[in-house]
Amino acid sequence: MKKQFGLRLFAAAAMLACLPATAGNVVISQIYAGGGNSQATYANDYIELFNRSAQDVNLSGWSVQYASATGTGWSVHALPALTLKAGQYLLLKEGSGGGGGLAVDGNDPARNPLNMAIAAGKLALVRATGALQGSAPALTDVEDFLGWGGTASAFETARAVAMGNNQTALLRAGSGCTDSDNNSADFAAAAAAPRNMASPFNSCGGVPLQPIVPVCPASATLTVGTGGSIALSASDADGIVNGASITSAAVPGLSLGQLTPAGAIGGSANVALLAATNVAAGSYPVVVRFTNDQGQNASCTVNLSVELAAGTVVPVYQVQGAGATSPLTGAKITTEGVVTAKVGSGFFIQDLNGDGDPTTSDGLFVYMGATPVSVAVGELVRVAGTVVEYKPGGATRSYTELSNVTSVVGQGGGHSITPTPVSLLGANLADVEGMLVRFNGALTVNANESLASRGELTLAVGRREIPTNRYAPRSAEAIALAAENAANMITLDDGIFVTPATVPYVFDGGTVRTGDTVSGLTGVVDYGALGSGGAGFKLQPTESPLFHRSNARTAAPEIALGNVRVASANVLNYFTTFVDGKDVTGASGQGCALGGKILASNCRGANNAQEFARQHEKIVAQLKAIDADVVGLMEIQNNGDYAAGYLVNALNAAYGKVEYAVVPKPSATGTDAIRVAMIYKPGKLSLVGNALADADAVNDRPPMAQAFKAGNGAKFSVVVNHLKSKRCSGASGANADKGDGQSCYNGDRLLQAQQLVNVFVPQVKAAAGDDDVLLIGDMNSYGMEEPIQVMTNAGFVNQLERFVRPLTMPHSYVFGGESGYLDHALASASLSNQVVGATEWNVNADEPEVLDYNFEDKNASALALYSALPYRASDHDPVVIALNLEATYQDVSATVLVQRAGLVQSRSSSVATGNVWLTNNGAALSGPVHYLVPGLPAGVTLANASGSLNGVPYITVAPALAAGAQITFQLKFNNPAKAAINYVPQVLSGSF
């Protein structure tokens, strides 16, 4: 063969061209240099060699040697003393970057592993072990050479491309057969795919090797307890079959007998598959591999069925067995039991007497599919079929059942099975799968989202709390609670497995709430797919469950009065533009803004005007019942103040007067289709300055802040937030789910929380000139998760932990059958002392989804449950905070003596004047001191007024007034009608 290096080594190339041909033709067929690096496919670098000739080649005394792209020093990996057969590959495991990846199944662990570079390098296959010299070495004993990357100083004709990344290798064309002495032409970058000595041989031209041809029966049947043998054979037209082995999973009692090798090329090798008498009933796919003297192999599969003798009746508990799966899986059997329940796809049977072993279930599900069967509860039946392990999608375990039923024969009725008493906590439900049971004590409804769609309720002992709602992520306590929750769940089903025609289990007001309880629960333990996703144990009831309203609805939030009430309400995509392209005005061809594009498909709320009417009336009813002075809104359409204004108009109509107004939007509301907003009662509060927003790039939904002044002069600021969702679409890096309970995008939420407390809140305080700040909103973080820790570490006080946790589990959201609060109220230290109450009004999260405004996926029974009541107006519960704000002034009229001179009315003008003397008979007043003149006649005004307080004019008369001190000032009134001016003065001290 001819080997060439770059043009600048032409003389060396000429020498190589004159070398005599070698006995074989072994080449470098693949190299991989990303082993153990970041995101590497494999944990180690590797070098693949290939014998492309038609002759075996002995590699004793050979080596592979590596040098950097321009390096002069060569690292040597001596090859093992073996013979590489024609068409065979050899895989050499090399160095590692120390990270993860798939294991390299190398044929020779390197004693001096080579660490190669992805971008550029040089590799030589040498018929010697002495190290090469120089950056372009002499060619003596060089069998093959590869230079790759733009800086390689030596190569054959032209450099091969670089590998590019940690998943890519350089592969020789033709599966290693192509060798044109041009690295650029012969090699290409492709996904790493190493081959070793066990890989199929590859013939490069000439006469191809003929395959081994096994001769095995596709299936065979034996009887339990009798044993037997099955004859197998294999032949090879150009080789000698000389080996056989079982490569499938070991089965006790199954083995191969002594192989009789082929006597000559093309002859048959013979072996028997032996089954001992102890092989259990079942189906076994047995894979047998034959090998030959050419390094080839071929396999065949015998589907062996070991069956019980005709007429044998296997007790149910033997079908179940004590293990995780049935010992009779795949076996065709006959069993017998009493029918305990009938469901949509079959029926349950239970052994009449049982075996008394608590580890072997006495019950079994008989799957009939769509095949009708006429059996009755209490009937003893004998059923023939195949034992299978059913594993629904998303399941972590299987469920033993009888399927492919061939006969169901009644043996008489009138039988009964006594339910086995069980406790959910500490129970292994697998031990009672398929059995009739009665749960001790009451179980609590923990989720109801699949009530209408699948007739399911998630039950547990007590209410399951999301671990990170109570404990820090990754803490031992959070991990322990997660394990406790996982073992504390069963789903109450309705035995139908499809959408029920009538929504089951609702009671007392047409609902069943999370937190309600059920007692005396009796039924059979099933296992299968859940309507909420995944799979789990279910109970198919045999008696009507008895529910109790343990979590009663309330007509309004129950909270201390205070003097100002603030609420946070997620209004679940309140859009005045609908998915069908229409809006509340009836206009067509409308859309919603998202990322600069306006499309109907961007709209997220009601599909149409009919749905919106239902959504709208529920939200109005809910907000009216809350009756807060300030409401922070999340998930409202980002269309200026239009959606918020439409909601306010409806609220005012419900009150029958102008009660609410929209806080004008800030300069930035983000580019999402939804935003945060605020509404307030102008009769209770006044705005201080304009609304602020933080348009930092970290906030896709900028938080909104507004300062308010109460009637007593106290100021405070509210900041409404809606942090990044936990949904995992597109999450990677710091935002990927870390498995610590915080789900996806926690990285973004952390940055948003840090930006909030470190940057935005200081701006809000400075603008208001006041430190009283209340953070509210949907933080998409449970109570003890890291974004909330950022806020509490900055001095904010968690009001739900303060007021709700001592009484009950704080929650505003239910997910996966666990409860926690995503909606928060955190007060600055100065404001926290003025908070007198905080609560969650559990009006939404505990209610089943079927009660919401949507029409889709609801049948007539589901639609009939709708009402205009506030329940299930959203999927989040509102949070309500009661403030008792400290007044900034006090009425000192009782301790300040007021003396007034008579008013002098000018004859030539409308002005009336008169002096007033104030004497402080009480303690010193730090002031300022204000004199108020309420009740002036119509048309009379205070001409020299300093301002007005709640519509009453006043004049500021002194910055302070010491005890016993007296001040004098003049009042001037505009009195065009020269009316009599009578009033009862009021003296206040402090700031407004």
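Please read all numbers here as calculations on a predicted model, not as lab measurements.

Trainee: Even after reading the chapter, I still don't get the state of the cysteines, so can you show me in this structure?
Mentor: By definition, a disulfide links two cysteine residues through a covalent bond between their sulfur atoms. Summed over the entire model, instances satisfying the criterion amount to 4 disulfides. Note on cysteine connectivity: C592 is disulfide-linked to C603, with sulfurs 2.0 Å apart. Taking the torsion about the sulfur-sulfur bond, which here is approximately 100°, the covalent link between C592 and C603 counts as right-handed. Linking C592 in strand β36 (residues 592-594) with C603 in the loop between β37 (597-599) and α7 (609-626), this pair joins segments that are 11 residues apart in sequence. Each disulfide pairs two cysteine sulfurs, and for C728 the partner residue is C744, the sulfurs being separated by 2.0 Å. One quick way to see it: the torsion about the S-S bond of C728 and C744 is about 90°, and its sign makes the bridge right-handed. Of this pair, C728 sits in the loop between β43 (715-722) and α9 (746-768) while C744 is found in the loop between β43 and α9, placing the two residues 16 residues apart along the sequence. Using a relative accessible area of 2% as the deciding quantity, one classes C744 as buried. For the chain, the disulfide bridges join cysteines in the arrangement 1-2, 3-4, 5-6, 7-8, where the cysteines are counted in sequence order.

Trainee: Would you take a moment to explain the environment of S743 for this structure?
Mentor: Residue position: S743 is located in the loop between β43 and α9. For S743 and S725, which are 18 residues apart along the polypeptide, the C-alpha to C-alpha distance reads 9.3 Å. Contact partners of S743, with chain neighbours within four places excluded, come to K726, C728, A736, D737 and R749. From its side chain, S743 meets the backbone oxygen of K726 in a polar contact 3.1 Å long.

Trainee: Looking at this structure, how should I read the pairing of strand β59 (residues 966-974)?
Mentor: Judged by which residues are buried, β59 turns out to be one-sided: I967, F969, L971 and F973 face inward and are buried, whereas Q966, T968, Q970, K972 and N974, on the alternate face, are not. Pairing between strand β54 (residues 911-920) and β59: 9 bridges, direction antiparallel. Residue pairing in the sheet places V916 in a bridge with F969 of β59.

Trainee: What is the right way to look at the packing of aromatic side chains in this model?
Mentor: The description of an aromatic ring pair uses the distance of the two centres, along with the angle that the planes make with each other. One pass over the structure, following the stated rule, counts 23 aromatic pairs. Ring centres of Y505 and F547 lie 5.7 Å apart, and the angle between their planes is 45°; this geometry places the pair in the tilted category. Residue Y505 is found in the loop between β30 (490-492) and β31 (517-519), and its partner F547 is found in strand β34 (residues 546-548); the two are separated by 42 residues along the sequence. Using a relative accessible area of 12% as the deciding quantity, one classes F547 as buried. An angle of 45° between the planes, with centres 6.3 Å apart, marks the rings of F973 and Y983 as tilted. Here F973 is found in strand β59, whereas its partner Y983 is found in the loop between β59 and β60 (986-990), with 10 residues between them in sequence. Of the two residues examined, F973 and Y983, each falls in the buried class. In textbook terms, an aromatic cluster arises when at least three aromatic residues are bridged by ring pairs, as seen for Y574, F578, F612, Y642 and Y646. A cation over a ring is seen here: R549 above F507, with NZ or CZ 4.3 Å from the ring centre.

Trainee: Before we go on, may I ask you to explain the pattern of salt bridges in this structure?
Mentor: Side-chain pairs of opposite charge can arise whenever the charged atoms involved come near each other. Tallied over the full model, the rule gives 31 salt bridges. Close ionic contact of R701 with D672 constitutes a salt bridge, the shortest N to O distance being 3.1 Å. One end of the pair, R701, is in the loop between β41 (685-693) and β42 (704-710); the other, D672, is in the loop between β39 (661-662) and β40 (674-680), and 29 residues separate them in sequence. One connected set of salt bridges, linked through shared partners, spans R463, R513, R553, D846 and E847.

Trainee: Sorry if this is basic, but what is going on with the sheet that holds strand β50 (residues 879-883) here?
Mentor: Strands pair in a sheet through their backbones, by hydrogen bonds, and they do so in one of two ways: parallel or antiparallel. Taken together, the 6 strands give an open sheet; going across it, the order is β39-β40-β38-β35-β50-β49, and neighbouring strands pair in mixed fashion. Edge strands, defined here as strands with exactly one partner in the open sheet, are β39 and β49 (835-840). Sheet topology note: the strand β35 (residues 564-574)/strand β38 (residues 630-637) ladder contains 6 bridges and is parallel. Directly across from Y574, in β38, lies its bridge partner I636. Those strands touched by α7 are β35, β38 and β50, and its axis lies near 170° from that of β35.

Trainee: Would you take a moment to explain the domain arrangement of the chain for this structure?
Mentor: By a widely used convention, the size of an interface equals the accessible area lost when the partners come together. Taken domain by domain, the chain consists of domain 1 (26-191), domain 2 (212-307), domain 3 (313-418), domain 4 (429-548), domain 5 (564-883) and domain 6 (889-990). For domain 4 versus domain 5, the distance between C-alpha centres works out to 30 Å. Buried area between domain 4 and domain 5, summed over both chains or domains, comes out near 2500 Å², and the portion from carbon and sulfur atoms is 47%. The interface formed by domain 4 and domain 5 contains 6 salt bridges. Between R463 and D846 there is a salt bridge, and its shortest N-O distance comes to 2.5 Å. The tally of links between domain 4 and domain 5 comes to 24 residue pairs in polar contact (both at pLDDT 80 or more). Elements supplying a minimum of two residues to the side of domain 4 that touches domain 5: β28 (442-447), α4 (451-454) and α5 (467-470). Considering every element that reaches the side of domain 4 that touches domain 5, the biggest residue donor is α5, with 4 residues. Of the residues belonging to the side of domain 4 that touches domain 5, the class tally is 13 nonpolar, 11 polar and 7 charged.

Cut-offs applied
- Residues numbered from 1 in each chain as written.
- Predicted model: local features only at pLDDT ≥ 70, side-chain atom pairs only at ≥ 80, totals over all residues.
- Heavy atoms only, no water.
- Disulfide = S-S within 2.5 Å.
- Helix = DSSP H or I, 4+ residues; strand = E, 2+ residues; numbered from the N terminus.
- Buried < 20%, exposed > 50% of the residue type's maximum accessible area, 1.4 Å probe, protein only.
- Contact = heavy atoms within 4.5 Å.
- Polar contact = N/O pair within 3.5 Å; in protein donor to acceptor, adjacent residues only side chain to side chain.
- Pairing = 2+ DSSP bridges.
- Phe/Tyr/Trp six-rings, centres within 6.5 Å; stacked < 30°, edge-to-face > 60°.
- Lys NZ or Arg CZ within 6 Å of the ring centre and 35° of its normal.
- Salt bridge = Lys/Arg side-chain N within 4 Å of Asp/Glu carboxyl O.
- Axes fitted to C-alpha atoms, helices over the stretch in contact; angles between N-to-C directions.
- Domains from an automatic or database assignment.
- Buried area = accessible area lost by both parts, 1.4 Å probe.
- Nonpolar A, V, L, I, M, F, W, Y, C, P; charged D, E, K, R; others polar.

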